[in-house]
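Residue strings, one per chain:
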Amino acid sequence: MSYTEALIGFFRQHRQVEQAKMMERYMRNQFPFLGIKTPERTLLLRRFFQEHGKPTFHQLNSIIEVLWNEPEREFQYVGLSLLEKNKKKLTVKQLPWIETLVTTKSWWDTVDHLASSITGEIGKRDMEGSQKILEEWVTSDNMWLNRTAILFQLKFKESTDAEILFKFIRLHKESNEFFLQKAIGWALREYSKTNPDLVINFIEAEPLASLSKREGLKYIKAKRNA
């Protein structure tokens, strides 16, 4: 039995049918679930590592691709956990592969992690090398790639490149897509914690959707009312 087969079999042994139904409803029945919540999944993965060891970085690609093809959503979450543990080793060369993960079985639960934590880690270490691919993503016909490009600086704080952030937002400021309007607001809200005046000026100057404006100003308004 291969490492990946053992991993899949181990998690399937811990299926919880009733919990799975609730998780599926929460995720609008986009995917089937095993019914394993995050805390238990974390413990199970730790137990698996204790018995089978952690995969090497060179095994990562093939293991995650298999996990991504499994129907139950927890396997994509396990794939994200493996990526997270190895993200400091990822480089711009892995971005085309990350693109495949973003555009396969796409929903906010995987895409947002791939955006803010994985792509963000690569972009923070090599913005110059990442920018060309991110420019392609933000102008893509794929909404989830657009969202990833808008959100990749979510955790950058004072390291945020405001010029790139605002440029990417402007490209989708008139979008009617909920997930893009929400992403714009979220990105602005996070940056407002570092540079509120710049965010306020941007929001006032741009014809953003009401949802984006509301989300973008949420932190600033909360601070004023505190």
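Here the residue numbering is sequential within each chain, running from 1 through the sequence in written order. For a predicted model such as this one, the threshold for reporting local features is a pLDDT of at least 70, and the threshold for listing and counting side-chain atom pairs is 80 or more; totals across whole chains, interfaces and linings nevertheless cover every residue. Only hydrogens and water are set aside; all other atoms, that is, all heavy atoms of the structure, feed into the side-chain values.

1. Brief notes about the side chain of glutamate 121
Then step 1. Secondary structure elements are taken from DSSP: a helix is a run of H or I of four residues or more, a strand is a run of E of two residues or more, and numbering for both begins at the N terminus. As for its position among the elements, glutamate 121 is in helix 7 (residues 108–125).
Then step 2. We define a polar contact as two N or O atoms separated by no more than 3.5 Å, with the added condition that, inside protein, one atom must be a possible hydrogen donor and the other a possible acceptor, whereas residues neighbouring each other in sequence contribute only through side-chain atom pairs. At 2.9 Å, the side chain of glutamate 121 and the side chain of arginine 125 are in polar contact.
Then step 3. If near-sequence neighbours (up to four positions away) are discounted, glutamate 121 is found in contact with Lys87 and Lys88. Contacts are assigned to residue pairs with any non-hydrogen atoms lying within 4.5 Å of each other.

2. Considering unusual backbone geometry
Then step 1. The phi dihedral of arginine 28 falls on the positive side, at around 55°, and the residue is not glycine.
Then step 2. The phi angle at lysine 105 is positive, at roughly 55°, despite the residue not being glycine.
Then step 3. Turning to its location among the elements, lysine 105 is positioned in the loop between helix 6 (95–102) and helix 7.

3. Thoughts on helix 2 (residues 17–26)
Then step 1. Under the scheme applied here, a residue whose accessible area is under 20% of the maximum for its type counts as buried, over 50% as exposed, and between as partly exposed, the area being computed with a 1.4 Å probe on protein chains only. Restricting attention to buried positions, one finds in helix 2 the residues Gln19, Ala20, Met23 and Glu24. Buried residues of helix 2 fall within an arc of 140° about the axis and therefore sit on the same side. Opposite its buried face, helix 2 presents the exposed residues Glu18 and Arg25, each directed more than 90 degrees away. Taken from the helix axis, the directions to the C-beta atoms give the arc we talk about.

4. Here we look at the layout of surface pockets
Then step 1. Here the largest pocket is characterised by a volume of approximately 350 Å³.
Then step 2. Around the largest pocket sit 16 residues that line it, and Phe33, Thr38, Arg41, Tyr77 and Asp109 are the ones nearest its centre.
Then step 3. Counting residues per element, the ones that place at least two in the lining of the largest pocket are helix 2, helix 3 (38–52), helix 5 (73–85) and helix 7.
Then step 4. Three residue categories are used. Nonpolar comprises Ala, Val, Leu, Ile, Met, Phe, Trp, Tyr, Cys and Pro, charged comprises Asp, Glu, Lys and Arg, and polar comprises the others, including Gly. Classifying every residue of the lining of the largest pocket by side-chain character gives eight nonpolar, four polar and four charged.
Then step 5. Site definitions follow a grid-based scheme: protein atoms alone, a 1 Å grid, a 1.4 Å probe that fits but cannot get out for cavities, and for pockets an open set with protein on both sides within 12 Å along at least five of seven lines, plus lining residues having an atom within 4 Å of a point. Grid points are joined across faces, edges and corners, and a volume is the space filled by probe spheres set on the points. Computed from the structure, the second largest pocket encloses a volume of approximately 260 Å³.
Then step 6. As for the second largest pocket, its lining consists of 13 residues, of which Trp108, Arg147, Phe178, Phe179 and Lys182 are closest to the centre.
Then step 7. Of all the elements in the fold, those that place two or more residues in the lining of the second largest pocket are helix 7 and helix 11 (178–192).
Then step 8. By residue number, the principal contributor to the lining of the second largest pocket is helix 11, which donates five residues.
Then step 9. Across the lining of the second largest pocket, the residue classes tally to seven nonpolar, no polar and six charged.

5. A look at the packing of aromatic side chains
Then step 1. Within 6.5 Å between ring centres, the rings of Phe, Tyr and Trp (the latter by its six-membered ring) count as paired, and their orientation is classed by plane angle as stacked under 30 degrees, edge-to-face over 60, tilted in between. Evaluation of the coordinates by the stated rule reveals eleven aromatic pairs.
Then step 2. Between the aromatic rings of tryptophan 144 and phenylalanine 179, the centroid separation amounts to 4.9 Å while the plane-to-plane angle is 45°, which identifies the pairing as tilted. Taken together, the residues span a long stretch of sequence, with tryptophan 144 in helix 9 (residues 143–151) and phenylalanine 179 in helix 11 at a distance of 35 residues. Residues tryptophan 144 and phenylalanine 179 agree in their burial class; the two are buried.

6. Notes on the nonpolar core
Then step 1. For the purposes of this section, nonpolar cores are sets of buried Ala, Val, Leu, Ile, Met, Phe, Trp, Tyr and Cys residues that join through side-chain atoms within 4.5 Å. Formed by 75 residues in total, the largest nonpolar core has its most connected members in Phe11, Leu83, Ile98, Leu114 and Leu188.
Then step 2. Of the residues forming this core, the biggest block, seven residues, is contributed by helix 11.
Then step 3. When sequence neighbours within four positions are dropped, the list of residues in contact with leucine 114 reads Trp68, Leu80, Leu83, Ile98, Leu101, Val102 and Thr119.

7. Examining the packing of helix 8 (residues 127–138) against helix 9
Then step 1. As a packed pair, helix 8 and helix 9 sit with axes 7 Å apart at the nearest point and diverge in direction by 135°. One finds that helix 8 runs oblique with respect to helix 9. Our pair here, helix 8 against helix 9, has a crossing hand that is left-handed. Contacts between helix 8 and helix 9 involve Leu134, Trp137 and Val138 from the former and Leu145, Asn146, Thr148 and Ala149 from the latter.
Then step 2. Taken together, the residues that form the contact of helix 8 with helix 9 break down as five nonpolar, two polar and no charged. Here an axis means a line fitted to C-alpha atoms, over the contact stretch when the element is a helix, while the angle between two N-to-C directions is reported on a 0 to 180 degree scale. Throughout this description, any angle smaller than 35 degrees is read as roughly parallel, any larger than 145 degrees as roughly antiparallel, any in the 65 to 115 degree range as roughly perpendicular, and the remainder as oblique. Take the far helix as the reference: if the near one is turned anticlockwise from it by less than a right angle, the crossing is left-handed, and if turned clockwise, right-handed.

Limitation: the analysis is restricted to geometry and does not speak to function.
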